[in-house]
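# Survey of secondary and tertiary structure
Below, each chain spelled out in residue letters.
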Amino acid sequence: QTYYFDDLWLFEATTNQFYEQTTAGSRPMARKGHKMIARRFRSNDTQLVLFGGHNQDTPSNDMWILNVMREKSERRWARIDQYFEGQKPPTMSYHSMLYSERLNQIIVFGGLHWNETDLA
């Protein structure tokens, strides 16, 4: 049996312990094959950005952000891809993704794309 998770765990290096980061409101669907990067990690306003992945046979190209250091009531996942104008990458999993602080750009490369299986 396969399980897909949608929980968020952070590792605190000073105590060598993991803890589950709770969030308010809705969150991204459970998935695997996605990528996540941290922006503004040198400040006290770190933001996680999640892109792509899949659940079972359903690939995704959604993008979500989470401001990790906010108070729990303000720590909400926000889906942002529906506000993008112009071209978007196709649905994908197992891609590479990085953030260039100097360019202030997220760079996505490669990955797998497929069409959902038609069971009709």
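That block above? That's the structure.
What counts, and where the lines are drawn
- Residues numbered from 1 in each chain as written.
- Predicted model: local features only at pLDDT ≥ 70, side-chain atom pairs only at ≥ 80, totals over all residues.
- Heavy atoms only, no water.
- Helix = DSSP H or I, 4+ residues; strand = E, 2+ residues; numbered from the N terminus.
- Buried < 20%, exposed > 50% of the residue type's maximum accessible area, 1.4 Å probe, protein only.
- Patch = residues over 30% accessible without salt bridge, like charges linked within 9 Å, V, L, I, M, F, W, Y side chains within 5 Å.
- Areas by Shrake-Rupley, 256 points an atom, 1.4 Å probe, with all protein chains shown as cover.
- Salt bridge = Lys/Arg side-chain N within 4 Å of Asp/Glu carboxyl O.
- 1 Å grid on protein atoms, 1.4 Å probe; cavity = no way out; pocket = protein on both sides within 12 Å on 5 of 7 lines; lining within 4 Å.
- Points joined across faces, edges and corners; volume = space filled by probe spheres on them.
- Nonpolar A, V, L, I, M, F, W, Y, C, P; charged D, E, K, R; others polar.

Counting through the fold element by element, F41 comes out in the loop between strand 3 (35-39) and strand 4 (47-51). Take F41: its relative accessible area is 44%, and that puts it in the partly exposed class.

Take a nonpolar patch on the surface next. A cluster of nonpolar residues, W9, F11 and F18, forms a patch on the protein surface that exposes about 370 Å² of accessible area. As for its position among the elements, F18 is in strand 2 (residues 17-20). When its relative accessible area of 58% is taken as the criterion, F18 is described as exposed.

Of the voids in this model, the largest pocket is the one considered here, and its volume is about 180 Å³. F51, N61, M63, D81, F84, E85, Q87, K88, P89, I106 and V108 together form the lining of the largest pocket. Class assignment of the residues belonging to the lining of the largest pocket gives a composition of 6 nonpolar, 2 polar and 3 charged.

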